[in-house]
Amino acid sequence: MLGIRLHPQDHMSRPPTTLTHHWNITAGYRSPDGVRKKVYLVNDLFPGPTIECRSGDRLVIHVTNSLDSREGVSIHWHGLGMRNAINMDGAVGFTQCAIATDKTFVYDFVVDLEQAGTFWWHAHSQVERGDGMYGGLVVHKPVDFKSEGKGPGYKDEVLFLVGDWYHRSAEEVLGWYTSVRGFGNEPVPDSMLINGRGTFDCSMAAPARPVECVNIGRNQFPGLLTPDLMNTTTRLRLVNVGSLAGFTIQISSAKLTPLTVDSGFSITGAAPDSVGIIYPGERVDLLLTWDDTSPATSPRLHISLDPEHYTNSALRPNQSFPMFPVSSNIPTPPPSPASMIRNHFDLSSATSRHPISLPEAAQQTILLYTKTQKLSISANHPQGFMNRTSWSPQSAPLLSLPRSAWDENQLIPYIPSDAWVDIVINNLDDGSHPFHLHGYSFYVLASHRSENGWGSYNPYSTSGASSIAPVMNLRNPVKKDTVSVPRRGYVVIRLKADNEGIWMLHCHVLFHQGSGMAMGIHVGGDERHAGVDLGAREFCESA
Ligand SMILES: [Cu+2]
């Protein structure tokens, strides 16, 4: 089956251990949706291998760069706290130099005992993530079934890595986006992949951009699940591994009860027909329960792309995939349009399953404005800004440099250890930006989107015009590591700065991150960062 069947039974009831992996990164040609393209491979796999472990395990991953293109690589462990292991966070420009061709870097860290959930790993060097350098990372929660006396209520767990896909390389797409030719428009994807497979109608390819294309027949597409999972309850772990588009999912003849978001945070939810929007970098775990179904109804997974983005004549905004192997004589039901969805669960209104105790006010507030701008000083090339700074990496990672040596492209406010901090992210653009913070999960206290005009929040402003004071949810907010900042709106997030390090904060839209929509927070230790990480510098010199 195309879904990745997970093995919780191998991890949930054993003591923590050390798991060692050896990864060899190469590139090769694949046709994930029928269109041939050069993709990245880890141990010859596209997407890369899935890591499964339990809370408290030590992961040792030897990553060898065998690309002959001289591109550097690095790997980030999306959502993991990386406590006492910031030098393993994989963020080029912040924590390490990219691994050069023929070099190996050993990622060695312990998964926090408090963390369990659906994570993923991906390249954090250039835009390699967009061409397949990613995979799943599932941390199973240790459970003592004997003392609990009952199972989890489902038999199987399956991982779906879902994301948009471009037929051009991500580097080409970024080049177009940041050129004057792009006019600041979003680069619209060509298709959608689930676990590295999709479909594309070859006749839809733009004549100006010929592709090597083979139509994939309906019967050639594998089922997402095997027939033995029909009529059983299954936990779906879903990751948006895409570069740009958010999406909503629905499975015909089934209900999808939301269980957790991002790093395993439990949310409340009924059993809706559809769930969304899931933005790039976000995860949601869903309990899949079937209506009264027989195989003859051929249930399908429907994915509807966030209509916020411009439509591409070749991209079908509603795509569907067979849940079970398709037999040739069953007609495919038409994809159900959004209007047919009776009962939708809006992830942006999700709340915590358990009451949360938070201080009334934070000790520090960081106020941010993000915007894509075309400045004449940059020859009108679109660039992403955080306040007045457009990020680009220095030649050495910040971890290896004192603050006095950080250049003008770094916006890194300092936060003392253990302070409660609010971060207000205002979005001055017409599209949403899913922001990801490394090293932390944070509470989402408020989220606002403006249909007309502008809705910014400036807690320091006393005049009402520039400040729409939010209603802060201190009672049952969700905890996330990636949050969509709505168009012409803002979010207020709160965290306790209990994880020292220089952590990256950036838009997870690959092309926005690649054009500068990134910054960091510097938590704890010496504000001047005089005691630099010499190991990080040594690795750069050896690379
Ligand atoms: Cu963005």
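As recorded by an unreviewed UniProt entry, the protein chain carries the name Multicopper oxidase and is attributed to Hyaloscypha bicolor E. Recorded under Sequence similarities (unreviewed entry), the UniProt text for the protein chain is reproduced unchanged: "Belongs to the multicopper oxidase family."

Caption draft 1: Looking closely at the sheet that holds strand β19 (residues 318–322). Taken in spatial order, the five strands of this open sheet run β19-β18-β13-β16-β20, and their pairing is mixed. Where the open sheet ends on each side, the last strands, each with one partner, are β19 and β20 (344–346). Here the average twist between neighbouring strands, direction ignored, is 20°.

Caption draft 2: A look at the UniProt feature "domain: Plastocyanin-like" (unreviewed entry) in the protein chain. According to UniProt, the feature "domain: Plastocyanin-like" (unreviewed entry) maps to residues 25–142, 157–292 and 385–523 in the numbering used here. Here residues 25–142 runs as 0% helix and 42% strand, with 31 Å between its end C-alpha atoms. Secondary structure content for residues 157–292 is 6% helix and 35% strand, while the C-alpha to C-alpha distance between its ends is 21 Å.

Caption draft 3: Layout of the pairing of strand β30 (residues 501–507). Most of β30 is tucked away, with seven of its seven residues classed as buried. With burial as the criterion, each face of β30 is covered, one bearing G501, W503, L505 and C507 and the other bearing I502, M504 and H506. Bridge count for strand β25 (residues 433–437) against β30 is three bridges, and the pairing is antiparallel. Along β30, the bridge assignment pairs L437 with L505. Two strands pair when backbone bridges link them, and β30 and strand β31 (residues 518–523) are joined in this way by six bridges, in the antiparallel orientation. Following the sheet pairing, W503 is matched in β31 by I521.

Caption draft 4: Representation of the pairing of strand β24 (residues 420–427) in the model. With eight of eight residues buried, β24 lies mostly within the body of the structure. Covered by surrounding structure in β24 are W420, D422, V424 and N426 together with V421, I423, I425 and N427, the residues of both alternating faces. Across seven bridges, the pairing between β24 and strand β29 (residues 490–496) is antiparallel. Note that in β29 the partner of D422 across the bridge is R494.

Caption draft 5: Representation of the state of the cysteines. All chains considered together, the criterion is met by two disulfides. A sulfur-sulfur separation of 1.9 Å characterises the disulfide bridge that pairs C202 with C213. Linking C202 and C213, the disulfide has an S-S dihedral of approximately -80° and is accordingly described as left-handed. In this pair, C202 sits in the loop between β11 (191–194) and β12 (234–240) while C213 sits in the loop between β11 and β12, placing the two residues 11 residues apart along the sequence.

Caption draft 6: Examining the domain arrangement of the protein chain more closely. According to the domain assignment, the protein chain contains domain 1 (4–146), domain 2 (156–349) and domain 3 (364–542). One C-alpha centre belongs to domain 1, the other to domain 2; they are set 23 Å apart. Contact residues are listed per partner, giving 32 residues for domain 1 and 41 residues for domain 2. Overall, the association of domain 1 and domain 2 removes approximately 3000 Å² of surface from exposure, summing both partners, and the carbon and sulfur fraction of that is 56%. The tally of links between domain 1 and domain 2 comes to three salt bridges. Here D228 and R5 are joined by a salt bridge, their closest N and O atoms 3.5 Å apart.

Caption draft 7: Region of the structure containing the coordination of the copper ion. Donor atoms from the polypeptide that bind the copper ion are H433 (ND1), C507 (SG) and H512 (ND1), placed at 2.0 Å. The sequence pattern formed by the donor residues of the copper ion is H-x73-C-x4-H. Here the residue H433 occupies a position in strand β25, and C507 occupies one in strand β30, the gap between them amounting to 74 residues. With respect to class, H433 is no different from C507; both count as buried.

Caption draft 8: Representation of the pattern of salt bridges. Enumeration according to the criterion identifies 25 salt bridges in this entry. With a shortest N-O distance of 3.9 Å, K371 and D429 are connected by a salt bridge. Pair noted here: K371 is in strand β21 (residues 364–374) and D429 is in the loop between β24 and β25, with a separation of 58 residues, a long-range link. For D429, a relative accessible area of 10% puts it in the buried group. Measuring nitrogen to oxygen at the nearest pair gives 3.5 Å for the salt bridge that ties R528 to D526. Residue class for R528 comes out exposed when judged on its relative accessible area of 60%. Linked by salt bridges that have partners in common, D262, E282, R283, K480 and D481 make up one network.

Caption draft 9: Highlighting the sheet that holds strand β3 (residues 37–42). Reading across from one edge, β3-β2-β5-β7 is the order of the four strands in this open sheet, with mixed pairing throughout. Because the sheet does not close on itself, it has two edges, and the strands there are β3 and β7 (104–110). Strand-to-strand twist in this sheet, taken as the mean axis angle between neighbours without regard to direction, amounts to 20°. Looking at chain direction, strand β2 (residues 18–30) and strand β5 (residues 58–65) are connected through eight bridges and run parallel. The residue bridging I25 from the neighbouring strand is N65, located in β5.

Caption draft 10: Layout of the environment of P8. Tracing the sequence through the fold places P8 in the loop between β1 (4–5) and β2. In the structure, P8 is positioned 148 residues away from D156 in sequence and 8.5 Å away in space, judged by C-alpha atoms.

Caption draft 11: Structural detail: helix α2 (residues 170–177). For α2, the set of buried residues is A170, V173, L174 and Y177. End-on, the buried residues of α2 take up no more than an arc of 100°, which puts them together on one face. Residues of α2 that are buried in the fold lie against β21, β22 (382–386) and α3 (510–513).

Caption draft 12: Structural detail: the nonpolar core. Core analysis: the largest hydrophobic core is formed by 133 residues, its most contacted members being W77, Y107, F109, F160 and I303. If we ignore the near neighbours within four places in the chain, the residues touching W77 are W23, I51, I61, M82, M88, D89, Y107, F109, W120, W121 and L137.

Caption draft 13: Inspection of the packing of aromatic side chains at higher detail. In this structure the tally under the stated criterion is 14 aromatic pairs. Their ring planes at 45° and their centres at 4.4 Å tell us that W23 and W121 sit as a pair that is tilted. Of the two residues, W23 sits in strand β2 while W121 sits in strand β8 (residues 117–123), which places them 98 residues apart along the sequence. The pair formed by W23 and W121 is uniform in burial state, with each residue classed as buried. Ring centres of W290 and F324 lie 5.5 Å apart, and the angle between their planes is 40°; on these two criteria the pair is classed as tilted. Of this pair, W290 sits in strand β17 (residues 283–290) while F324 is found in the loop between β19 and β20, placing the two residues 34 residues apart along the sequence. For W290, a relative accessible area of 14% puts it in the buried group. One aromatic cluster in this structure is built from W23, W77, F105, Y107, F109, W121 and F539. A cation sits over an aromatic face here: R36 above Y29, 4.2 Å from the ring centre. In this structure, K37 is placed above the aromatic ring of W165, and the distance from its NZ or CZ to the ring centre is 4.0 Å.

Thresholds, definitions, all that
Residues numbered from 1 in each chain as written. Predicted model: local features only at pLDDT ≥ 70, side-chain atom pairs only at ≥ 80, totals over all residues. Heavy atoms only, no water. UniProt positions renumbered as here; feature names shortened; annotations may be inferred. Pairing = 2+ DSSP bridges. Helix = DSSP H or I, 4+ residues; strand = E, 2+ residues; numbered from the N terminus. Axes fitted to C-alpha atoms, helices over the stretch in contact; angles between N-to-C directions. Buried < 20%, exposed > 50% of the residue type's maximum accessible area, 1.4 Å probe, protein only. Disulfide = S-S within 2.5 Å. Domains from an automatic or database assignment. Contact = heavy atoms within 4.5 Å. Buried area = accessible area lost by both parts, 1.4 Å probe. Salt bridge = Lys/Arg side-chain N within 4 Å of Asp/Glu carboxyl O. Donors = N, O, S within 2.8 Å, 3.2 Å for Na, K, Ca; no water. Arc of directions from axis to C-beta. Core = buried A, V, L, I, M, F, W, Y, C linked by side-chain atoms within 4.5 Å. Phe/Tyr/Trp six-rings, centres within 6.5 Å; stacked < 30°, edge-to-face > 60°. Lys NZ or Arg CZ within 6 Å of the ring centre and 35° of its normal.

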